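# Structural features, examined
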Amino acid sequence: MSDDIRNLVRSDQVGTAIQAGVVHGDLHVAGAQPLRTPRQLPMAPRWHVAREREFGELTAVLEEGRPPLVVIEGAGGVGKTTLALHWAHSHTDRFPDGQLFANLRGFDPQAAPARPATVLRGFLTVLGVEPAAIPADPDAAAALFRSAVADRRMMIVLDNARDTDQVAPLLPGTPSCAVLVTTRMRLSSLRVQGAHVMRLEAMDESDASALLNRMLPTHAAKRESEAVSAIARRCGGLPLALAIASARVAAHPEFPMSVLADELDDETTRLSAFDADDESASLRAVLSWSSASLNDRLGRAFGLLGVAPLGEISVAAAACLWAVPPRDAAAMFRSLEAANLVRQHVPQRFQMHDLVRLHAAELPSGAESTRAVRRLVAFYAYTVRTADILLYPHRHAFEVPALPDGCHPLRLTDEPEAVAWFGAEHALIAVMHRIAVDRKWYEAVWHIAHGLDTYQYRLGLLAENVASSRLGLEAAMAIGSVRLRASSLRQLGRACTRAGDLDEAGRCLTQALNLEEEAGFVMGQAHTHHDLQRVLSLRGEHEQALQHAISAMELYRAESNPVGEAHALNAQGWQHAQLENFVLARECCERALELHSAHGNVSGQASTLDALGHIACRDGRLDQAVEHFAAAARQAKQLGNVFAEAECTEHLADVLARQGDAEKAHRMLRVAYDLFQSQHRIDDADRVRARLSREGSAKGLD
C-alpha cells in the first residue's frame, strides 16, 4: 500500500463518517471551504452629491438598532443605484463580514430578469459553498443561503428589482444583515413586511445645478454660468440626464455650452439631446425600459398622458383623456404610480416628470392623440362653464356643444367646490385654452374664455383676464356669430376697464353696443350700457355715465331682470354721489341692496355696500360709512373676491383715518397692500405703500 494513500471525507455538515474495511493512513474530515469575505459592491459614480437628506435617512434607519431592509424606489435615471452604492460603501465598517451585490436586471431590454435561483447560486459560491453542494430546489437553496449568512454582519444590495417574488428568496432570515433593494416598482409586499421604503424624487433646481457644476470642468462652469443653469433646469433634476449632458460638454470642450442649452430648450429636440450609443447612457432608452413593462392598456394610457402637456392632471380629467370611467382611471393611475411613472402629490392629482412626459408623447398614434386631446379640451370647456355658473348664477349661460364620446363631465355642486376647482386647475385651463387655439377648436376656445371671466375678476388676475378675453374675441370672430362677438367685446371691455386700459375698454364696449343695437339684443345692450357707465365714471364723465346707467336700468326692467336692475340702480347711485346728489344716491343704492338681497346676489350686495359707504362718507356719516365698508369687505372675502376686498379694505382705512383711529387705519392699509400685491396690481400697491410710509411716520407707526 502506498504511503501516499489519504482518506478524505468532504461535507457541508460535519457528522460521523463510517467506512467499512481497513482504513490506511490518516482520516481527514473537511467541511465547506472557509467562508471568504466578499466585497462585491461596484464602484459608485464619483459625482454623487446633493442627496444629504436621503443619505441621512438611510443612516437613521441603520441607527435604530436592527440592520434594515430598505427599498429605494423611483423612476429610471433618478439615481437609485448611485445613492445605494454611495451609502453602502460609506458604511462597510458596520458590516465586517462583507458585501454582496446582484443586478437583478428587472428592466433590462437585453436580457430576462435574473432568476432568484441563479443569484443564490452566485451568492452561495462566493460564500464558500461548493457548487456541487448547492441544492437544485430553489427553496432549499434559499434556506442554505439563510444558513450561510446567519449571525453574520453583511450588507446585501439587490439592484434593479422587478417585483417582490424576485427579491423574497434573497432575503436573510436573521437580523444581522442589512439589505438595500432598488427598484422602479412599488414593492408593496415588502412594505407590508416592515421594509423602510424611500421614494427617490428628482433633485430640485439648486441641487441639480450643484451636481452639474461638480461634473463639469471648473473653468467651464464659471465661464458659462447662465448656460449651466439652463442645462440643469432642462434636465429636470434627473441625475442621469445631468450626467449625459456633462458628457456631451466634455466630448466637445471647444463648443460653447449655450449650444447644448439651446438644444435642450426646444421640446422637439430635448429628449434626443440625451441619446447616446450606449443604451445604459441614453435617457430615452432608460425611460423606455419602464414603459415597455406596461401592458397594452396601461401603455396606451401612459402615452396619452404625454400628449396632454400638463404639469399635473386630475383623475376626472384623465378619465376623459383615456375615455374610461373615473373608477377605471383611478385604478390605472395606481398601476402607473406603482411603476413610478407618475406621482400622486395630492389626493386624486398626479404629476409626470417633464422628460418622462416627452418620452410618453412619442408612443401613441396621431389620430388617437387628437381624439384624446379633443376629449380633454371638451372636459375643461364644460367644467369651466359649470363652475362659472356656480360662481355667478345670475349670468347668462351659453350652451356648450355636446360632449364627445368617452368624455365624462365633472359634476360640481356648489360655489366653494367651484372655487376650489378653479384654484387647482387655473394654470392647466390656460394650457388647454392655448391648445384649443392652436388646433382652431374655436367653440371650445370661446366657452373657456367666457367661463373664466368671473373667477379671474374675483381673484384679481387682471392680465390673465385680458389675455383669455382676447382669445375669446378671436374665436368669436372665427365662428362668425354676432351674438358671441358682441359678448366677447363686452367681456374684453370689462377686463380692460379693470386693468386700467380705459381707451381700449371704451372702444370694445362701443363696438359691442353697436352690434347689439343692430341685432336687437336687448339684454346685451343693458349689460353694455352698465359697463360703459363704469368706463365713463373712471374718466370723470359722470353725467354721461349716469345716462348709461339709466338706460341699463330701463332695459333690465323691460327684460324682467331684477338682478341687472339692481346693478344699474347701484350704478345710478354712484353717479349721483359723484354729482353730489346724495339723497338720490342713497335712495338708488338702498333699493339696489334690497333687490340684491332678495335674489341672493352676494357679490351685488358687496358692491352696493361699498357704494353706500362712499355716499355716507361724502355725506359726513362716518360711523355708517365704517359699517358699510366693513360689511362690503367681509362679503367680498366670503366670496373669495380679493379684487373687491382690496378696494373695500382701503376705503375702510380712509374713513378710519378721518375718524382719527390712526392705528386701525394703518392696520387696514397693510391688509389692502398685501391684497394688491398678491394680485400684482402694482400701481395700487405702490400708492398704498406710500401712504403707509407717510402716515406711519407721521403717527409713529411702522
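All of these numbers come straight from a predicted model, not from anything done at the bench.

### Focus on the overall build of the protein
- Scanning the protein from N- to C-terminus turns up 32 helices and 10 strands.
- The C-alpha radius of gyration computed for the protein amounts to 36 Å, which surpasses the reference 27 Å derived for 702 residues by more than 25%, pointing to a less compact arrangement than a globule.
- A total of 702 residues make up the protein; the buried ones form 51% of that total.
- Look at the contacts in the protein between residues 6 or more apart in sequence, and 67% of them connect residues 24 or more apart.

### Comments concerning the sheet that holds strand β10 (residues 349-351)
- Taken together, the 3 strands give an open sheet; going across it, the order is β8-β10-β9, and neighbouring strands pair in antiparallel fashion. With partners counted over all chains shown, the strands left at the sheet margins are β8 (312-314) and β9 (343-346), one partner each. On average, each strand axis in the sheet is tilted by 40° relative to the strand beside it, whichever way the strands run.
- Where β9 lies against β10, 3 bridges are found, and the strand directions are antiparallel. Looking at the pairing, V346 lines up with R349 of β10.

### Looking at the nonpolar core
- One finds L158, L283, W322 and Y380 to be the most contacted residues of the largest nonpolar core, which totals 157 residues.
- In this structure, L622, A646, Y673 and V688 belong to the second largest nonpolar core, which totals 22 residues.

### What about the state of the cysteines?
- One pass over the structure, following the stated rule, counts 0 disulfides.
- The cysteine C589 is free of any disulfide, with C588 supplying the nearest cysteine sulfur at 6.7 Å.

### Some remarks on the packing of aromatic side chains
- If you walk through the whole model with that rule in mind, you get 9 aromatic pairs.
- Residues W322 and F333 carry aromatic rings whose centres are separated by 4.9 Å and whose planes lie at 50° to one another, so their mutual orientation is tilted. Of this pair, W322 sits in helix α15 (residues 315-322) while F333 sits in helix α16 (residues 326-338), and the two are 11 residues apart along the sequence.
- A ring pair is formed by Y457 and F643, whose centres lie 5.4 Å apart and whose planes are at 55°; its orientation type is tilted. With Y457 in helix α20 (residues 442-458) and F643 in helix α30 (residues 642-659), this residue pair connects regions lying 186 residues apart in the sequence.
- Take Y457: its relative accessible area is 24%, and that puts it in the partly exposed class.
- An aromatic cluster of at least three residues, connected via ring pairs, comprises F379, Y380, W421, F422 and Y455.
- Of note, R681 hangs over the ring of F643, and the distance from its end group to the ring centre comes to 3.8 Å.

### With respect to the pattern of salt bridges
- In the structure shown here, the tally under the stated rule is 42 salt bridges.
- The residue R284 makes a salt bridge to D275 at a minimum N-O spacing of 2.4 Å.
- What makes D275 partly exposed here is its relative accessible area of 32%.
- For E590, the salt bridge is made with R586, and the minimal N-O distance between the two is 3.1 Å. With E590 and R586 both in helix α27 (residues 582-598), this residue pair falls 4 residues apart, about one helical turn.
- The structure contains a network of salt bridges with shared partners spanning D388, R395, D453, R494, R498, D531 and R534.

### Quick notes on α15
- Burial within α15 is extensive, with 8 of its 8 residues counted as buried.
- The complete set of buried residues in α15 reads V315, A316, A317, A318, A319, C320, L321 and W322.
- The elements touched by buried residues of α15 are α14 (296-307), β8, α16, β10 and α18 (366-391).
- In the stretch just after α15, A323 is the one whose phi turns positive, near 60°.

### Quick notes on the side chain of H596
- By the element assignment, H596 lies in helix α27.
- Overall, H596 belongs to the buried group, its relative accessible area being 0%.
- Not counting the four nearest positions on each side in its chain, H596 is found in contact with V563, A566, H567, N601, G604, Q605 and T608.

### Notes on helix α24 (residues 522-538)
- Relative to the 24 Å expected for 17 residues at 1.5 Å per residue, α24 spans 25 Å between its end C-alpha atoms, a close match to the ideal helical length.
- Where burial is concerned, most of α24 is hidden: 12 out of the 17 residues are buried.
- Those residues of α24 not exposed but buried are G524, Q525, A526, T528, H529, H530, D531, L532, Q533, V535, L536 and S537.
- The inward-facing, buried residues of α24 contact α22 (482-499), α23 (502-519), α25 (542-558) and α26 (562-578).
- Directly beyond the C-terminal end of α24, a positive phi value near 85° is found at G540.

### Re the confidence of the model for the protein
- Chain-level statistics for the protein give a pLDDT mean of 89 and a share of 93% at 70 or above.
- Low pLDDT, under 50, characterises residues 1-21; the predicted model gives this stretch 27 contacts beyond four residues in sequence or across chains.
- Predicted confidence is poor over residues 25-32, with pLDDT under 50, and the contacts of this stretch with residues over four places away or in other chains come to 20 contacts.

### Details of the environment of A136
- Position of A136 among the secondary structure elements: in the loop between α3 (116-126) and α4 (138-149).
- Overall, A136 belongs to the exposed group, its relative accessible area being 73%.
- Between the C-alpha atoms of A136 and R121, which are 15 residues apart in sequence, the distance is 9.3 Å.

### What to know about the sheet that holds strand β5 (residues 155-161)
- Ordered by their spatial adjacency, 5 strands build an open sheet running β4-β5-β6-β3-β7, and the pairing between neighbours is parallel. Across the chains shown, the open sheet's two edge strands, defined by having one partner strand only, are β4 (99-103) and β7 (196-199). For this sheet the average axis-to-axis angle between neighbouring strands, irrespective of direction, equals 15°.
- Inspection of the sheet shows strand β3 (residues 69-73) paired to strand β6 (residues 178-183) by 5 bridges, in the parallel sense. Residue pairing for β6: V71 is matched across the bridge by V181.
- Packed onto the sheet, helix α2 (residues 80-90) meets β3, β4, β5, β6 and β7 and runs at close to 165° relative to β6.

### Here's the deal with the packing of helix α7 (residues 205-215) against helix α9 (residues 225-234)
- The geometry of α7 relative to α9 is characterised by a closest axis approach of 9 Å and an angle of 120° between their N-to-C directions. Classified by the angle between their axes, α7 and α9 sit oblique to one another. Handedness of the crossing formed by α7 with α9: right-handed. Along its contact with α7, which presents E205, A208, S209, L212 and N213, the element α9 presents V228, S229, I231, A232 and R233.
- Its residues placed into classes, the contact of α7 with α9 shows 5 nonpolar, 3 polar and 2 charged.

Definitions and limits used
- Residues numbered from 1 in each chain as written.
- Predicted model: local features only at pLDDT ≥ 70, side-chain atom pairs only at ≥ 80, totals over all residues.
- Heavy atoms only, no water.
- Helix = DSSP H or I, 4+ residues; strand = E, 2+ residues; numbered from the N terminus.
- Rg over C-alpha atoms; globule rule 2.2 N^0.38 Å.
- Buried < 20%, exposed > 50% of the residue type's maximum accessible area, 1.4 Å probe, protein only.
- Contact = heavy atoms within 4.5 Å.
- Pairing = 2+ DSSP bridges.
- Axes fitted to C-alpha atoms, helices over the stretch in contact; angles between N-to-C directions.
- Core = buried A, V, L, I, M, F, W, Y, C linked by side-chain atoms within 4.5 Å.
- Disulfide = S-S within 2.5 Å.
- Phe/Tyr/Trp six-rings, centres within 6.5 Å; stacked < 30°, edge-to-face > 60°.
- Lys NZ or Arg CZ within 6 Å of the ring centre and 35° of its normal.
- Salt bridge = Lys/Arg side-chain N within 4 Å of Asp/Glu carboxyl O.
- Expected span 1.5 Å × (residues − 1).
- pLDDT = per-residue confidence, 0-100.
- Parallel < 35°, antiparallel > 145°, perpendicular 65-115°, else oblique.
- Left-handed = near helix turned anticlockwise from the far one by under 90°.
- Nonpolar A, V, L, I, M, F, W, Y, C, P; charged D, E, K, R; others polar.

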